Amino acid sequence: MLEKGRAIVMGSMAAGSVRCYAAMVAAQKVYVDRNETRLPLRHSHHRYIIDGPNGAQRLTIALQSASHLMHTPMYAVRISEHGNWRHLHWGALYSAYGKSPYFDYIAPDLHDIIHGNQSSLLNFNTQLQALIIDFLDLPIEIITTDITPEITAEAIDLRGKIGGKKPDALAINTVPYHQVWAARHGFLPNLSILDLLMNTGRECIYTLLKSI
């Protein structure tokens, strides 16, 4: 299903998993569907998992209930400030990765995005994704657009096939890498790309290439 060098279509994700980024590196060209619906089934559109002192921790971006419905397109989903989630996310990221090799390098820009004033989830995800790709110098071109028949003819459609709650069937290997908390609870797979970034920096490209 996944072909190196062939474009893919994906939904918008908040700090998507290492597997998602491996798929994007394989494709190099990624169309992000701004009109994607059925978002509650995706989960990764506003959730990501990091590795902290107590193991895997799922971080959730609060959404306005009126826009968190099955039929709402991604571009119309709105962020809520309920629960002070921005402060909680930053605290969790600092606790998890404050002593990791690359935290200090990305912390200022990452802090600005986490504590930004975005009202659109798509905007938040796009900013975070752009920071990650730029910081890691990944060979990925992201095009956020309306998905046309021409695009679906060109690209492999991975909407609903990767980044969800259930495991996907893509030919992507799990490649272990150094994790800050591995001595405490072992290696944890399928975490957010932020975990790989914090632990390996730009060398993460080698892990992603080995995965595909």
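Provided above is the structure to which this section pertains.
Residues numbered from 1 in each chain as written. Predicted model: local features only at pLDDT ≥ 70, side-chain atom pairs only at ≥ 80, totals over all residues. Heavy atoms only, no water.

Colleague: So what exactly am I meant to see when it comes to the pattern of salt bridges here?
Modeller: Close approach of charged atoms lets side chains of opposite charge pair. All told, the structure shown has seven salt bridges when counted by the stated rule. Asp-33 serves as the salt-bridge partner of Arg-159, at 2.7 Å between the closest nitrogen and oxygen. Residue Arg-159 is located in the loop between β6 (156–157) and α6 (182–185), and its partner Asp-33 is located in strand β2 (residues 29–33); the two are separated by 126 residues in the primary sequence. With a closest N to O distance of 3.0 Å, Glu-81 and Arg-86 form a salt bridge. (Salt bridge = Lys/Arg side-chain N within 4 Å of Asp/Glu carboxyl O. Helix = DSSP H or I, 4+ residues; strand = E, 2+ residues; numbered from the N terminus.)

Colleague: Mind showing me how you'd approach the packing of aromatic side chains here?
Modeller: When we look at a pair of aromatic rings, we describe it by the centre distance and by the angle of the planes. Summed over all chains, the structure comprises five aromatic pairs. Seen from their ring centres, Tyr-94 and Phe-103 are 5.6 Å apart, and the 75 degrees between their planes marks the pair as edge-to-face. Consider the rings of Tyr-102 and Tyr-105, whose centres lie 6.2 Å apart with planes at 45 degrees: the pair is tilted. The exposure class of Tyr-105 is exposed, given its relative accessible area of 61%. The ring of Tyr-75 carries Arg-34 above its face, with NZ or CZ at 4.6 Å from the centroid. (Phe/Tyr/Trp six-rings, centres within 6.5 Å; stacked < 30°, edge-to-face > 60°. Buried < 20%, exposed > 50% of the residue type's maximum accessible area, 1.4 Å probe, protein only. Lys NZ or Arg CZ within 6 Å of the ring centre and 35° of its normal.)

Colleague: Sorry if this is basic, but what is going on with helix α3 (residues 103–114) here?
Modeller: For an α-helix the count is 3.6 residues per turn, leaving residues at separations of three or four pointing the same way. The end-to-end C-alpha distance of α3 is 14 Å, clearly below the 16 Å that 12 residues give at a rise of 1.5 Å each. For α3, the full list of buried residues reads Phe-103, Ile-106, Ala-107, Leu-110, Ile-113 and Ile-114. Buried residues of α3 fall within an arc of 135 degrees about the axis and therefore sit on the same side. Of the residues in α3, the exposed ones pointing more than 90 degrees away from the buried face are Asp-104, Tyr-105 and Asp-112. Those residues of α3 that are buried are in contact with β3 (47–52), α2 (85–97), α4 (121–136) and α7 (193–200). (Expected span 1.5 Å × (residues − 1). Arc of directions from axis to C-beta. Contact = heavy atoms within 4.5 Å.)

Colleague: What is the right way to read the sheet that holds strand β5 (residues 141–145) from this model?
Modeller: Strand pairing in a sheet is mediated by backbone hydrogen bonds. Such pairs are either parallel or antiparallel. The four strands are arranged β5-β2-β1-β6 in an open sheet whose pairing can be described as parallel. On the outer flanks of this sheet lie β5 and β6, each paired with one strand and no other. The sheet contact formed by β2 and β5 spans five bridges and is parallel. The residue bridging Val-32 from the neighbouring strand is Thr-144, located in β5. (Pairing = 2+ DSSP bridges.)

Colleague: I tried to follow the pairing of β3 on my own but got confused; where do I start?
Modeller: Regular strands show a simple pattern: their side chains alternate between the two faces of the sheet. Across six bridges, the pairing between β3 and strand β4 (residues 55–60) is antiparallel. In the strand pairing of β4, Tyr-48 is matched with Leu-59. As consecutive antiparallel partners, β3 and β4 are separated by two residues.

As far as function goes, none of this settles anything; it's purely spatial.
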